[in-house]
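Working through the structure, step by step
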Amino acid sequence: MRLTASQIERFEEDGFLILPGLFSPQEVAVLRDAMPALCAEDTPANIREKGSREVRTAMGIHLRHPAFAKLARHPRLIEPAFQLRGERLYIQQAKVNTKPAFEGEVWQWHYDFATHHAEDGVPEPLALNLHVFLDDVVDFNGPLYFIPGSHRHGPAPARLDTETTSYPLWVVDRDTVARLVAARGLVAATGAAGTALIFGDCLVHASPSNLSPWDRRIFSVIVNPIANALTRHDRPDWKHHRDLTPIVPLADDCLAAAPAIAAQ
Ligand code: SIN
Ligand code: MN
């Protein structure tokens, strides 16, 4: 899949794209079916909420299930990333942020590059965050909030927050958020399951807790140019993978294709 010139222009202007219906209900079903067993695994890559101990984020997911290995290399995600950042990209991080019904907690105001730079020594804000909704994401179950154009102000001041949630994050202060929102407002990134998002490393975003009775699971793969790879290796591999092998996109029907049957 290729982005049109006007989509690329919008990405440069707003800092994100919402692509409704990029994956079919059948493709999403394959991914959803894998989730209960993955969340039940006892692994440090399943990071749990402080209070409920529900899984907050299931990390290293492309190394834990073949369907997510395919999604992380899916041409409908990776070809647009190639258009925006060139063809030598590696998988920096792949996960499902689960935000379960009633229990899913906030992601504070932040932009991803603050963490990538401070924790992993990534030189430039060139990574792209590619999301796929595994559930319908509506106003009530904790959608991402984007501040359009916030990436154009350059990296905002950020500080490490280890208190608010179980996931340490470099966050942006309220005055900065208020100033950025005053310029262009807010967008809630909602859409049916199968919707995709593409956003850049300096876009300021957040998401509220999930008070609704509906789960909100979102797959995320962060891809980064190999020439812009991490220079520090302090965090675990599942937070920033060391494998810098260039991503090779798979076939468009890779998620739908039935597993090969061994010859008798
Ligand atoms: C979320 O899952 O709501 C937050 C995702 C992100 O910060 O990229
Ligand atoms: Mn983020």
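Note that the structure is a prediction, hence the values are computed from the model and not measured.

Some words on the sheet that holds strand β11 (residues 196–200)
If you trace the seven strands from one edge of the open sheet to the other, you get β1-β11-β6-β13-β4-β3-β2, paired in antiparallel fashion. Where the open sheet ends on each side, the last strands, each with one partner, are β1 (16–19) and β2 (46–48). Here the strands of the sheet are splayed against their neighbours by 20° on average, with no regard to which way each runs. In this structure, strand β6 (residues 128–133) lies alongside β11, joined through five bridges in antiparallel fashion.

Some remarks on the coordination of the manganese ion (ligand 2)
Of the protein atoms, only His110 (NE2), Asp112 (OD) and His205 (NE2) coordinate the manganese ion (ligand 2), at distances of 2.1 to 2.2 Å. Taken in chain order, the donor set of the manganese ion (ligand 2) reads H-x1-D-x92-H. Residue Asp112 is found in helix α5 (residues 112–120), and its partner His205 is found in strand β12 (residues 205–207); the two are separated by 93 residues along the sequence. We note that Asp112, like His205, is buried.

Overview of the packing of aromatic side chains
This structure, assessed with the given rule, holds four aromatic pairs. Relative to Phe219, the ring of Phe68 lies with its centre 5.8 Å away and its plane at 25°, an arrangement referred to as stacked. A residue pair is termed long-range when its members are at least 10 positions apart, and Phe68 in helix α3 (residues 66–71) and Phe219 in strand β13 (residues 218–225) qualify at 151 residues. Residue classification places Phe219 among the buried positions, given a relative accessible area of 0%.

Quick word on the site of ligand 1
The immediate surroundings of ligand 1 are formed by Asn97, Lys99, Trp107, His110, Asn129, His131, Leu144, Phe199, His205, Ser207 and Arg216. In this structure, Asn129 approaches ligand 1 through a side-chain N or O atom, which is 3.5 Å from an oxygen atom. With respect to ligand 1, the side chain of Arg216 contributes an N or O atom lying 2.8 Å from an oxygen atom. Relative to its unbound accessible surface of 250 Å², ligand 1 loses 97% to contact with the protein. Going through the elements one at a time, β5 (107–110), β6 and β12 are the ones with two or more residues in the shell around ligand 1. Of the residues contributing to the shell around ligand 1, the split by class is three nonpolar, six polar and two charged.

The rules behind the values
- Residues numbered from 1 in each chain as written.
- Chains lettered and ligands numbered in written order.
- Predicted model: local features only at pLDDT ≥ 70, side-chain atom pairs only at ≥ 80, totals over all residues.
- Heavy atoms only, no water.
- Pairing = 2+ DSSP bridges.
- Helix = DSSP H or I, 4+ residues; strand = E, 2+ residues; numbered from the N terminus.
- Axes fitted to C-alpha atoms, helices over the stretch in contact; angles between N-to-C directions.
- Donors = N, O, S within 2.8 Å, 3.2 Å for Na, K, Ca; no water.
- Buried < 20%, exposed > 50% of the residue type's maximum accessible area, 1.4 Å probe, protein only.
- Phe/Tyr/Trp six-rings, centres within 6.5 Å; stacked < 30°, edge-to-face > 60°.
- Near = heavy atom within 4 Å.
- Polar contact = N/O pair within 3.5 Å; in protein donor to acceptor, adjacent residues only side chain to side chain.
- Areas by Shrake-Rupley, 256 points an atom, 1.4 Å probe, with all protein chains shown as cover.
- Nonpolar A, V, L, I, M, F, W, Y, C, P; charged D, E, K, R; others polar.

These values are about where atoms sit, not about what they do.
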